[in-house]
Amino acid sequence: MRTMSRKSSSRSSQQRYHPDVSLNLNVRGLGQSATLAINQRSAELRRQGRHIYKLGLGQSPFPVPDVVVEALRKHAPEKDYLPPSGLMELRQAVADYHSRQQGIEVRGEDALIGPGSKELMFILQLVYYGDLVIPSPSWVSYAPQARIIGRRIHWLPTELGDDWGVQPEVIEKLFREDPERPRLVILNYPGNPSGGSYPIERLKALADLARKYRVILLSDEIYGELNHRGQHVSIARFYPEGTIISAGLSKWCGAGGWRLGTFTFPPSLSWLREAMAAVASETYTSTSTPIQYAAVRAFKGGDEIDLFLAKSRRILGALGRSFAQQLRQAEVRVPEPRGGFYLFPDFGALREQLAGRGIATSKELAERLLEETGVAALPGSDFGRPQEELTLRLAYVDFDGAAALKALPDDRPARETEFLQTYCANTCAAAQAIVDWLNT
Ligand code: GLU
């Protein structure tokens, strides 16, 4: 038997373990997700002693409501694995929640529980063999998930003047080109990164199109409870047979790190839910048991949670409007926020001035803003916008939500400006820092 010389064996092992040949093509060059990378960078800069305004990661500033924390405490000893689809009691609570909120019929067996809606979205894209159709701008992870799996991606153009929302004509143009093609369309409102929502007539028109072309609609409603007027309407009301609603605890319940997401399916898509549960059973097994028990309490709702939500919406609504107004005074274009905690402004009117400082892309804009003012934000290009468009995503969440909730009177309107300056001081200061930077 021939034995390899030491030199050649080390060369071949080097080759074998080299990323250029060993890494799956679909993940080559894939960095950390932008939202998580900016959060780590901001934390590192703070550790180094820099004053940073953390408008990068979209994390709820509010605490998990006491009644939900109490439920988690009580169920901490629960240690057994649960079924891959989730705790039946929670699936029922999620179904009841959607039925109550939206007046649609959802049964417990239609719900699927996962370790964050992000993971459920990934598994959905994995099990469903269709193109991904998403608006530009869209949340940072839909497209990379499609890329990892190897799906085709279609970006739908939108405009700032239309709250960065999708127009039915734009969708129809794409569908008409190849009407029989299987497609998964994701709509997300209140929007990340847009902060926008859709009027009911638009939802109906989009639903009619989805029905006509028989596409699967994933309605990402993770910010639904944070519609600033508390008036979120699910598109599932108008296309119940083809809509999957995605929700979870991360945003309205302040529990991003708990990692609990939910999908609810129409009965006609139970085959998709079952395929997803099969993949779950072969990958993460089941979602954390104590967290699922605590989530039952969250989805049951009640007076404490209603008050918590009403106050969260008032604070976010006032802060978003005030931030947008400040930006507009500096000639930055930004739509009025309707929900959630993001703004997606366009600095294009200042292009010449910014070019004078060597800034020609959204990446450069975000980078220089961070370096020169300490405001951490994400470039529009991370959300599918063209590199040279001067858009940014600002997550207006850098404040102590617990203190703000405590200070806000239950029913009396707070003196808005004063309240924001006191309890959302760092976020207000960030808005001012951006304006001052543009004015210098
Ligand atoms: N959805 C949040 C964001 O867009 C953070 C969580 C994440 O991206 O995984 O900032």
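Above this text sits the structure in question.
Note that the coordinates shown come from a computational prediction; the quantities given were computed from them, not determined experimentally.

Student: Got a minute to help me understand the environment of E225 in this structure?
Tutor: Mapped onto the fold, E225 is located in the loop between strand 6 (216-220) and strand 7 (243-248). Excluding its chain neighbours within four sequence positions, the residues that come into contact with E225 are Y97, Q101, W252, L309 and R313.

Student: Can you walk me through the packing of helix 6 (residues 117-127) against helix 7 (residues 142-149) in this structure?
Tutor: Between two packed helices, what matters for the description is the angle formed by their axes and the separation of those axes. One way to put it is that helix 6 packs onto helix 7 with a least axis distance of 9 Å and a crossing angle of 40°. With respect to their mutual orientation, helix 6 and helix 7 come out oblique. Classified by chirality, the crossing of helix 7 by helix 6 is right-handed. Listed contacts from helix 7 to K118, M121, F122, Q125 and L126 of helix 6 are Y142, Q145, A146, I148 and I149. Residues belonging to the contact of helix 6 with helix 7 are distributed by class as follows: seven nonpolar, two polar and one charged.

Student: Before we go on, may I ask you to explain helix 17 (residues 425-439) in this structure?
Tutor: In an α-helix there are 3.6 residues to a turn, and that puts residues three or four apart on one side. Here helix 17 spans 21 Å end to end across 15 residues, near enough to the 21 Å set by a 1.5 Å rise per residue. Regarding helix 17, the residues found buried are T427, C428, A430, A431, A433, I434, V435, W437 and L438.

Student: In this structure, what is going on with the sheet that holds strand 5 (residues 183-188)? I would like to understand it.
Tutor: Sheets are built from strands that pair by backbone hydrogen bonding, the pairs being arranged parallel or antiparallel. The strand order across the open sheet built from seven strands is 2-8-7-6-5-3-4, with neighbouring strands paired in mixed fashion. Each edge of the open sheet carries a strand with a single partner, namely strand 2 (111-114) and strand 4 (153-157). The mean inter-strand angle of the sheet, taken between neighbouring strand axes irrespective of direction, is 25°. Two elements, strand 7 and strand 8 (residues 261-264), share four bridges in a ladder whose sense is antiparallel. Bridge pairing links S246 to F263 in strand 8. Together, strand 2, strand 7 and strand 8 form the strand contacts of helix 5 (residues 88-102), whose direction differs from that of strand 2 by roughly 120°.

Student: Can you walk me through the site of the ligand in this structure?
Tutor: Contacts to the ligand come from T35, L57, G58, K118, W139, N192, Y223, K251, Y342 and R393. Measuring from an oxygen atom of the ligand, one finds a backbone N or O atom of G58 at 2.7 Å. Here R393 contributes a side-chain N or O atom positioned 2.8 Å from an oxygen atom of the ligand. A total of 280 Å² of accessible area belongs to the ligand in isolation, and the protein chains cover 88% of it.

Student: I'm lost on the side chain of N227 in this one. Help?
Tutor: Along the chain, N227 falls in the loop between strand 6 and strand 7. In this structure the side chain of N227 is engaged in a polar contact, spanning 2.9 Å, whose partner is the backbone nitrogen of R229. Residues contacting N227, with those up to four places away along its chain left out, are P190, S197, H232, R313, R338 and G339.

Student: Before we go on, may I ask you to explain the pairing of strand 8 in this structure?
Tutor: Each regular strand carries side chains that alternate between the two faces of the sheet. Residues G261 and F263 line one face of strand 8 and the alternating positions T262 and T264 line the opposite face, and both faces are buried. As judged from the four bridges shared by strand 2 and strand 8, these two strands associate in the antiparallel manner. Bridging across to strand 8, L112 finds its partner in F263.

Student: I keep staring at the state of the cysteines and nothing clicks. Help me out?
Tutor: A covalent bond between the sulfur atoms of two cysteines is what we call a disulfide. Tallied over the entire structure, the rule returns zero disulfides. Its sulfur unpaired, C253 is 20 Å from the next cysteine sulfur, which belongs to C424. For the unlinked cysteine C424, the closest cysteine sulfur is that of C428, found at 5.9 Å. Using a relative accessible area of 0% as the deciding quantity, one classes C424 as buried.

Procedures and definitions
- Residues numbered from 1 in each chain as written.
- Predicted model: local features only at pLDDT ≥ 70, side-chain atom pairs only at ≥ 80, totals over all residues.
- Heavy atoms only, no water.
- Helix = DSSP H or I, 4+ residues; strand = E, 2+ residues; numbered from the N terminus.
- Contact = heavy atoms within 4.5 Å.
- Axes fitted to C-alpha atoms, helices over the stretch in contact; angles between N-to-C directions.
- Parallel < 35°, antiparallel > 145°, perpendicular 65-115°, else oblique.
- Left-handed = near helix turned anticlockwise from the far one by under 90°.
- Nonpolar A, V, L, I, M, F, W, Y, C, P; charged D, E, K, R; others polar.
- Expected span 1.5 Å × (residues − 1).
- Buried < 20%, exposed > 50% of the residue type's maximum accessible area, 1.4 Å probe, protein only.
- Pairing = 2+ DSSP bridges.
- Near = heavy atom within 4 Å.
- Polar contact = N/O pair within 3.5 Å; in protein donor to acceptor, adjacent residues only side chain to side chain.
- Areas by Shrake-Rupley, 256 points an atom, 1.4 Å probe, with all protein chains shown as cover.
- Disulfide = S-S within 2.5 Å.

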